[in-house]
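What the coordinates show
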Amino acid sequence: MLKRLLQQKFQAYLARSQPAQPSVCLTQKRIYILPSRLGLWFALLVLLLYLLGTNYQNNLILLSSFMLLSLLLLTMLLAFYNLYRLELSVVADAETFANQPAALPLQLDSANCQMLQLGLQGQRLQQLVPVISGPLAFALQLPLLSRGCYELPRLKLSSQFPFGLFNCWSYPALSAQLWVYPSALAPTGQQNLDEDPDNQGQTQPLEGSEWLKPYQAGDQPRRILWKKLATNPQQPIVRQQQDGNTVNEQWVKVPNASGAALELALQHACYRLQQLEGAGSRYGLLLPGKTLALGQGAQHLQRCLQELALC
C-alpha cells in the first residue's frame, strides 16, 4: 500500500514537472542516479579496506581504499554525463493495424552516449540503443494494441555505463500518438464490396446519364431525391450528371452497428479503402453521423483510416 502511494505521488510529480513535449533534452533535473547492487558492494569493500588500513596503520591498504573511492566517484560522473544533454524528439506518430507490432520513429542526438537502453515506463523489456555520437534515427518497438488511438506512455531511458556500479535513468514524456487501424479483411466467399447491398453509400448509376450519390455541401437542393429522404432522413441522396470522373468515384459506408458486427464492417471498410487507393480512384467515407468527402492520396487514406480507428 505504501509503495503504491509513493508511486502515485512520484507519477504526479513527473506529470507536473515534466509534461509531454515533442522534443526533450535531458538536463540534471531529469536524470536520476543511484548505486546499483554491485556498486553498494563496491562501496562496502572500500569502507572495509579503509577500516582495515586505519586499524593496522597500513598505508598501502589506505592507498588502495582511496584509489577505489576515486574510481567510484569517477564512475558516478561518467554515468551521469553519459545521459546528460541527450536530446529525444518524435519524427512522426506511430501507425499500425490491429494485432500487428508498431514502431515509433524517434530522433536521438548526443555528443557521446556510449550505452543506453530505451523502453516504456513500467515495461521490463527494453531496447539496446547503439553508440550515439550525433543524430541517430531509432525505431522504438511498441506492444500489440487493439483498435483505437493511444497517447504515448512515458519513456524510460536507463544506463549502467561504464562499470555497472551506478544506475542512471530518466523518464521523459514525448507528445506522440499511436494510431491502431482495423486490420484489413477481404469479404469471404464470392461477396464483393461493389455488389454488397449494405454498401449503399457508393455512387450508383441510373438510366441515362445520371448517377446517385450521397448529399454533400454545395449540391443543388433541386437534385435531392425527396422520396428517398423520407425513408432515410439521415443520408439525403442527390442526382448527379455523369462525367469522366464519376465512374472512378466510390463511397465506402460503415453501417450503424456495434460489437463484433462493427469490427467486421470496419475491417471490410479498411480493406476497401486500401483497394481504392491502390486503384487511383476518388473515394469517400460514410460513417454514422459523419461523412468524409471524396478525395485520394496518402493523406486522405490516412484520415479515413483514423476515422475508422476512432469508431
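Whatever comes next refers back to the structure up there.
Residue positions are counted from 1 within each chain, in the order its sequence is given. Given that this is a predicted model, residues contribute local features only at a pLDDT of at least 70 and side-chain atom pairs are listed and counted only at 80 or more, while totals for whole chains, interfaces and linings are drawn from all residues. To get the side-chain values, all heavy atoms of the structure are used, and hydrogens and water are removed first.

**Examining the sheet that holds strand E9 (residues 148–151)**
When DSSP finds two or more bridges between two strands, those strands count as paired. Note on conventions: DSSP H or I runs of at least 4 residues are helices, E runs of at least 2 residues are strands, and numbering of each starts at the N terminus. Ordered by their spatial adjacency, 3 strands build an open sheet running E4-E12-E9, and the pairing between neighbours is mixed. Two strands lie at the open edges of the sheet, namely strand E4 (94–97) and E9, each paired on one side alone. Shown here is a sheet whose adjacent strand axes are inclined to one another by a mean of 20 degrees, direction ignored. Contacts between residues were defined by any pair of non-hydrogen atoms, one from each residue, lying within 4.5 Å. For helices, the fitted axis covers only the stretch in contact; all axes are lines through C-alpha atoms, and the angles between them, taken along N-to-C directions, range from 0 to 180 degrees. Sheet contacts for helix H6 (residues 298–310): E4, E9 and strand E12 (177–181); angle to E12, the most-contacted strand, approximately 85 degrees.

**Some words on the sheet that holds strand E8 (residues 136–142)**
In a beta sheet, neighbouring strands are held together by backbone hydrogen bonds and run either parallel or antiparallel to one another. Strand order in this open sheet of 4 strands is E1-E3-E5-E8, and the pairing throughout is antiparallel. Looking at the sheet topology across the chains shown, the edges are occupied by strand E1 (23–25) and E8. On average, each strand axis in the sheet is tilted by 25 degrees relative to the strand beside it, whichever way the strands run. As paired strands, E1 and strand E3 (residues 87–90) are joined by 3 bridges and run antiparallel to one another. Looking across to E3, one finds that Cys25 is bridged to Glu87.

Function cannot be read off these values alone, since they describe shape.
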